[in-house]
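Take a look at the letters that make up each chain.
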Amino acid sequence: MKRSENQMKLYIPSLSVNEGLARQAVAVFVAQLNPTIEEISDIKCAVSEAVTNCIVHGYKYSSGIIYIGVKYYSDRTVVIEIRDNGCGIENVDEAMTPLFTTDTTGERSGMGFAVMQTFMDKLVVRSKRGEGVRVQMTKKLG
Amino acid sequence: MEKIKFNFENNVLSARIVGDIDHHSARGVREKIDSVIFDKKPLTVLLDLSTVDFMDSSGLGLILGRFTVCSEIGAEFKIYKPSRGVKKILELAGIERLMKIVGDDSDEA
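Residues numbered from 1 in each chain as written. Chains lettered and ligands numbered in written order. Predicted model: local features only at pLDDT ≥ 70, side-chain atom pairs only at ≥ 80, totals over all residues.

When you go through chain A residue by residue, the secondary structure sums to four helices and five strands. Helices and strands in chain A line up, N terminus first, as β-α-α-β-β-α-α-β-β. Relative to the 2.2 N^0.38 estimate, which gives 14 Å for 142 residues, the radius of gyration of chain A is 15 Å and therefore close to what a compact globule would have. Each principal axis of the C-alpha distribution contributes one length, and for chain A these read about 40 × 30 × 25 Å. Taking all 142 residues of chain A together, the buried fraction comes to 39%. Put simply, of all contacts in chain A between residues at least 6 apart along the chain, 65% involve residues at least 24 apart. (Helix = DSSP H or I, 4+ residues; strand = E, 2+ residues; numbered from the N terminus. Rg over C-alpha atoms; globule rule 2.2 N^0.38 Å. Buried ≥ 20, exposed ≤ 12 C-beta atoms within 10 Å, placed from the backbone. Contact = placed C-beta atoms within 7 Å.)

So, in structure tokens, the structure goes:
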């Protein structure tokens, strides 16, 4: 296993005001690799989706901690892990289907996982009911 | 903090959002825009995204929700000048199949 060149960890409370903080912090860290504007924009969007999921679905607006870990390697691969200890997802495949949402207000698009999947190279979602969600996203920069 | 600049002329309501659109900001934006729509009863609503640098899928929810509100009152809903990053997520969701996106590089409107 190749060793990571640099890494950062960020633990934040599940407040929606921290969505901006999370994506900005990850963007500033990844900026060390001189990414393109599009790469940074993709990463910010994917992080925002994952953190929003923790707040809205994992913790259902109650208080909890969101764990964010970012590593990059010498081959310019960036690995981002975002984790919560919330209610978990019973059916991960169903949750990852584009347009699937548990929301009934018509104000949520059901596109969160589709964005993470499209904007990053690889997405792995692990969860069990009652045991939180762990999202791992990988992107190789040019 | 996100702001919205409204302009109402000839039954066209334009709402220019300044700042990021995410889950945190979407609620305030939604409430402000809806209250102005119900107050002015425009025939066209133009959502101006020219000063939005960042938008995630909460913005898609915001757009789809306002599209529905406009359909219900018989108003046309259009998106104006999304930035490149915002356009990418609009395309992913196939938004242009539902509503007009005007004022970008490939459109002279």
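Turning our attention to the sheet that holds strand β2 (residues 12–18) of chain B. All names here are of chain B. Across the sheet, five strands lie side by side as β1-β2-β3-β4-β5; this open sheet has mixed pairing. One side of each edge strand has no neighbouring strand; the edge strands of this open sheet are β1 (3–9) and β5 (100–102). When the angles between neighbouring strand axes are averaged without regard to direction, this sheet yields 25°. Looking at chain direction, strand β3 (residues 44–48) and strand β4 (residues 76–80) are connected through five bridges and run parallel. Bridge pairing in β4 places T44 opposite E76. Contacting β3 and β4, helix α2 (residues 57–73) runs over the sheet at an angle of about 150° to β4. (Pairing = 2+ DSSP bridges. Axes fitted to C-alpha atoms, helices over the stretch in contact; angles between N-to-C directions.)

What follows is about the packing of helix α2 (residues 37–58) of chain A against helix α4 (residues 112–119) of chain A. Residues and elements named next belong to chain A. At a closest axis distance of 9 Å, the pairing of α2 and α4 adopts a crossing angle of 150°. It follows from the interaxial angle that α2 and α4 lie roughly antiparallel. Considering only the axes of α2 and α4, their crossing is left-handed. Note on element contacts: α4 touches α2 through G112, V115, M116 and F119, opposite D42, C45, A46, E49, A50, T52 and N53. Tallied by class, the residues present in the contact of α2 with α4 amount to six nonpolar, three polar and two charged. (Parallel < 35°, antiparallel > 145°, perpendicular 65-115°, else oblique. Left-handed = near helix turned anticlockwise from the far one by under 90°. Nonpolar A, V, L, I, M, F, W, Y, C, P; charged D, E, K, R; others polar.)

Another point: the sheet that holds strand β5 (residues 133–140) of chain A. Residues and elements named next belong to chain A. In space, the five strands of this open sheet follow the order β1-β2-β3-β5-β4, with antiparallel pairing throughout. Both edges of this open sheet fall to β1 (4–13) and β4 (122–127), since each of them pairs with a single strand only. Geometrically, the sheet is characterised by an average inter-axis angle of 10° between neighbouring strands, direction not taken into account. Bridge analysis of β1 against strand β2 (residues 65–73) gives nine bridges, and the strand direction is antiparallel. Along β2, the bridge assignment pairs P13 with I65. Each of β1, β2 and β3 (77–84) touches helix α1 (residues 18–30); the most contacted strand, β1, lies at about 170° to it.

A few words on the nonpolar core. All names here are of chain A. In this structure, V26, A46, V47, I82 and M116 are the most contacted members of the largest nonpolar core, which totals 64 residues. The element contributing the most residues to this core is α2, with 10 residues. Residues contacting V26, with those up to four places away along its chain left out, are I43, V47, I68, V70 and I80. (Core = buried A, V, L, I, M, F, W, Y, C linked by C-beta atoms within 7 Å.)

Further remarks concern the pairing of β4(B). Residues and elements named next belong to chain B. Taking every second residue as pointing to the same face, the buried face of β4 carries F77 and I79, while none of E76, K78 and Y80 on the other face is buried. For the segment spanning β3, α2 and β4, crossover handedness is right-handed. Of the strand pairs in this sheet, β4 and β5 are connected by three bridges, and their pairing is parallel. Each bridged residue has a counterpart across the sheet, and for K78 the counterpart in β5 is K100. (Right-handed = clockwise from strand over helix to strand, strands pointing away.)

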